[in-house]
Amino acid sequence: MVNLNAVAPGGGREYYVALGLEGSANKLGVGVVKHPVVGKHEGGDFSYDCESQILSNVRDTYITPAGEGFLPRDTARHHKNWCVRLIKQALEEAGIQNAAKDLDVICFTKGPGMGAPLHSVVVAARTCSLLWGVPLVGVNHCVGHIEMGREITKAVDPVVLYVSGGNTQVIAYSEKRYRIFGETLDIAIGNCLDRFARTLRISNYPSPGYNIEQLALNCKKKDTLLELPYTVKGMDLSMSGILAYIDNLAKDLFRDNRKNRQLFDRDSDEAKISVEDLCFALQENLFAMLVEITERAMAHVNSNQVLIVGGVGCNLRLQEMMQQMCQDRANGQVHATDERFCIDNGVMIAHAGLLQYRMGDFVKDLSETVVTQKFRTDEVYVAWRE
Amino acid sequence: MSEDVLAKVYEYLTPGLPVVPIAQGAEAVVFTSEKHPYLPNSGKFILKYRPPKRYRHPSIDKALTKHRTIGEARLLTKLFLIEGLKVPKLIACDAYNGYLWLEFLGEELPHGKGFSNLKNFLWMYATDDGDPYCSIVEETLKKVGQQIGLLHWNGYCHGDLTSSNIVLSRSGKNETSWQPYLIDFGLGSTTDSVEDKGVDLYVLERAIISTHSAHAEAYNEWLLKGFSEIYKRYGDAGEVKLKEVTKRFQEVRLRGRKRSMIG
Ligand SMILES: Nc1ncnc2c1ncn2[C@@H]1O[C@H](COP(=O)(O)OP(=O)(O)O)[C@@H](O)[C@H]1O
Ligand SMILES: [Mg+2]
């Protein structure tokens, strides 16, 4: 039986406090979360309801100029520059005066992610740990998203669609692990959107995906949808075909290549397809594929709850489509969160790390804090669930 | 399943046709009927309906529904003629509206363990006092592998191989051995591409790992064993093809592992 109260909070407190550090991609996030000690957590699977309080959640995103992606080295430099400032700010906002006494654990992202940025953040985590004498917990980034999503939405046992810059997975829990039922066979959804945005020099602020979403809203020809190579294989999907196809169109549109008769009218030379039309078609196709594989997984595991997590998960069109699918499917429910929790953040690392810590699983030796670029969701032993 | 969808079906069908909803699959709503759609025969028949999906753009929706319904009907007719391959018999197809009539297969498993698809069957042996490695399980999984081998050897792919899409049938109540049938060919294709076959096997392997985690290693081995047996029947040519497919299968698997996974 799961006992989340196995390890008592420090300093005779009636609650746990965790600091979380996240920097696996271009966002640096620091958060502080508090879990009260609750009696019911001693016997049963209540990991979705920790009554957690978010004491602070600060973030700084490394934004590159339009048309450019973020490189590991520059991103790591950004994180190094901002790490101390953000940690100070997060502690201050959380009202933590004496970190050595007031913190139970420091949680950091162990992976997956970009090596250099991950590394720059774990160095800060180790330093704080040694400085304050507070134990460390390494957290799987995807599990962080899932647990935060469950805690915020109170979804007990959902099928999870995890959609972000580097990941596209359909996940469900079974036998102590988050199992991957479906995933991309090639590139991730966020990657696909970002690369398309780069070709068209769409701004990276606040994120390329957000700007594509706004452009798509302004599509004037929603009835005539550009046909793209829709590719679903069982519960998996492939997006490289769509990207290659639409990226070619985007290049010609950007360069104003009138020879492309699919884009420019033969007689008048006027553009028949606009940037907005491309954004709309891209979203409609990609999201339909995502919703379809999610529905396939729901059918396979007999579930009617969906939780959407990850940066692309704040897209309202995706949420709306998922909602419609679930309604038509045995009155299912969709759970999603807003940008505070969908987009990478420190709180989710703190929350998931604290769950792990409360089960007695924390770093005993610094050699266990090596970060890793590849770290599959199903590698994590989920001790805190039944 | 939602009332709206059911209402739509009842409105569309001949009044008084005794169809009962039994399952909501990955994309279709499935009914049984005691009556044949147009012959005076009675028995047990399946009506598989792909309702329009509100969530996707109407032009994507129409194209997919039509393509998959026709595709499934066409494949089933071809596959039904292949010796040794077991698929449900196609009775009727109304592609524009997304309806298929099929022969009913399978039965209820004992002790309320649900319908006799491979998933429930494996779960039945994995729980309580069942033995997940008993010879019936092994034999059945090898037969499933053989079915997939026959499918691939003859130039077809399934596109959605999961333990939900394999139905087990017994010739009689006292019969202990099960005959697997492949169902749900909506994502299937006629193809000689090694890549498609590699992906098909990869999708199945992953479905087994996620759904039957504790015993997946042995299960996948048995499946592959049955699969290989079919190819090996065809001598050197078979061996060569088998090598091609399994090599690609491993490549696809490796691609999955190597894929960068930046949060
Ligand atoms: N011929 C059949 N005999 C018995 N049951 C069937 C048959 N075809 C489908 N079913 C049942 O309906 C479910 C959904 O059908 P399927 O063809 O897999 O559609 P979907 O594409 O929606 O998954 C199956 O998992 C199975 O339980
Ligand atoms: Mg199915």
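Residues numbered from 1 in each chain as written. Chains lettered and ligands numbered in written order. Predicted model: local features only at pLDDT ≥ 70, side-chain atom pairs only at ≥ 80, totals over all residues. Heavy atoms only, no water.

Chain B is annotated in an unreviewed UniProt entry as EKC/KEOPS complex subunit BUD32 from Zygotorulaspora mrakii. Here chain B is described in UniProt, under the heading Subunit (unreviewed entry), as follows: "Component of the EKC/KEOPS complex composed of at least BUD32, CGI121, GON7, KAE1 and PCC1; the whole complex dimerizes." Under the Sequence similarities (unreviewed entry) heading, UniProt states for chain B: "Belongs to the protein kinase superfamily. BUD32 family." (UniProt positions renumbered as here; feature names shortened; annotations may be inferred.)

With an unreviewed UniProt entry as reference, chain A is termed N(6)-L-threonylcarbamoyladenine synthase, source organism Zygotorulaspora mrakii. Turning to chain A, the UniProt annotation filed under Catalytic activity (unreviewed entry) states: "L-threonylcarbamoyladenylate + adenosine(37) in tRNA = N(6)-L-threonylcarbamoyladenosine(37) in tRNA + AMP + H(+)". One UniProt comment on chain A, placed under Sequence similarities (unreviewed entry), says "Belongs to the KAE1 / TsaD family."

Further remarks concern the overall build of chain B. Looking only at helices and strands, chain B features 7 helices and 9 strands. Expected size for 263 residues packed as a compact globule is a radius of gyration near 18 Å; at 19 Å, chain B falls within 12% of this value. Restricting to contacts in chain B with at least 6 residues of sequence separation, those with at least 24 account for 59%. For chain B, the accessible surface area stands at approximately 12,100 Å², while carbon and sulfur atoms represent 53% of it. Each charge class in chain B can be summarised by its mean position, and for the 35 positive and 32 negative side chains these summaries are 5 Å apart. (Helix = DSSP H or I, 4+ residues; strand = E, 2+ residues; numbered from the N terminus. Rg over C-alpha atoms; globule rule 2.2 N^0.38 Å. Contact = heavy atoms within 4.5 Å. Areas by Shrake-Rupley, 256 points an atom, 1.4 Å probe, with all protein chains shown as cover. Lys, Arg positive; Asp, Glu negative; His and termini not counted. Charge placed at Lys NZ, Arg CZ, Asp CG, Glu CD.)

Here the focus is the domain arrangement of chain A. Residue and element names in this part refer to chain A. Considered domain by domain, chain A is made up of domain 1 (10–150 + 344–379) and domain 2 (155–341). Carbon and sulfur atoms make up 56% of the surface buried where domain 1 meets domain 2, a total of about 2,200 Å² over both sides. The largest share of the area that domain 1 buries against domain 2 comes from His145, Ile146 and Arg150, three residues that together contribute 22% of it. Linking domain 1 with domain 2 are 2 salt bridges. Residues Glu183 and Arg376 are paired through a salt bridge, measuring 3.2 Å at the closest nitrogen-oxygen approach. (Domains from an automatic or database assignment. Buried area = accessible area lost by both parts, 1.4 Å probe. Salt bridge = Lys/Arg side-chain N within 4 Å of Asp/Glu carboxyl O.)

The next subject is the interface of chain A and chain B. With 56 residues of chain A in contact, the opposing surface of chain B contributes 39 residues. Summing both partners gives a buried area of about 3,900 Å² for chain A against chain B, and 49% of it is carried by carbon and sulfur. When the area that chain A buries against chain B is broken down by residue, the three leading residues are Arg296, His300 and Asp328 of chain A, summing to 17%. Along the contact surface separating chain A from chain B lie 9 salt bridges. The shortest N-O distance in the salt bridge between Lys233 of chain A and Asp196 of chain B comes to 3.9 Å. At the boundary of chain A and chain B, one finds 16 residue pairs in polar contact (both at pLDDT 80 or more). Secondary-structure elements contributing two or more residues to the side of chain A that touches chain B are strand S7 (168–174), strand S8 (177–183), strand S9 (232–233), helix H8 (275–301) and helix H9 (316–328) of chain A. At 11 residues, the largest contribution of residues to the side of chain A that touches chain B is made by H8 of chain A. Broken down by class, the residue content of the side of chain A that touches chain B amounts to 20 nonpolar, 18 polar and 18 charged. (Polar contact = N/O pair within 3.5 Å; in protein donor to acceptor, adjacent residues only side chain to side chain. Nonpolar A, V, L, I, M, F, W, Y, C, P; charged D, E, K, R; others polar.)

Residues and elements named next belong to chain B. Summarising the metal site, the magnesium ion (ligand 2) is bound by the protein donors Asn165 (OD1) and Asp184 (OD), whose distances to it range over 2.2 Å. With Asn165 in the loop between strand S6 (156–157) and strand S7 (166–169) and Asp184 in the loop between strand S8 (179–182) and strand S9 (189–190), the pair connects residues that are 19 residues apart, well separated along the chain. Exposure class is identical for Asn165 and Asp184. Each is buried. (Donors = N, O, S within 2.8 Å, 3.2 Å for Na, K, Ca; no water. Buried < 20%, exposed > 50% of the residue type's maximum accessible area, 1.4 Å probe, protein only.)

Sites flagged by UniProt as "domain: Gcp-like" (unreviewed entry) map to residues 54–350 of chain A. Segment residues 54–350 of chain A splits into 48% helix and 18% strand. End C-alpha atoms: 10 Å apart.

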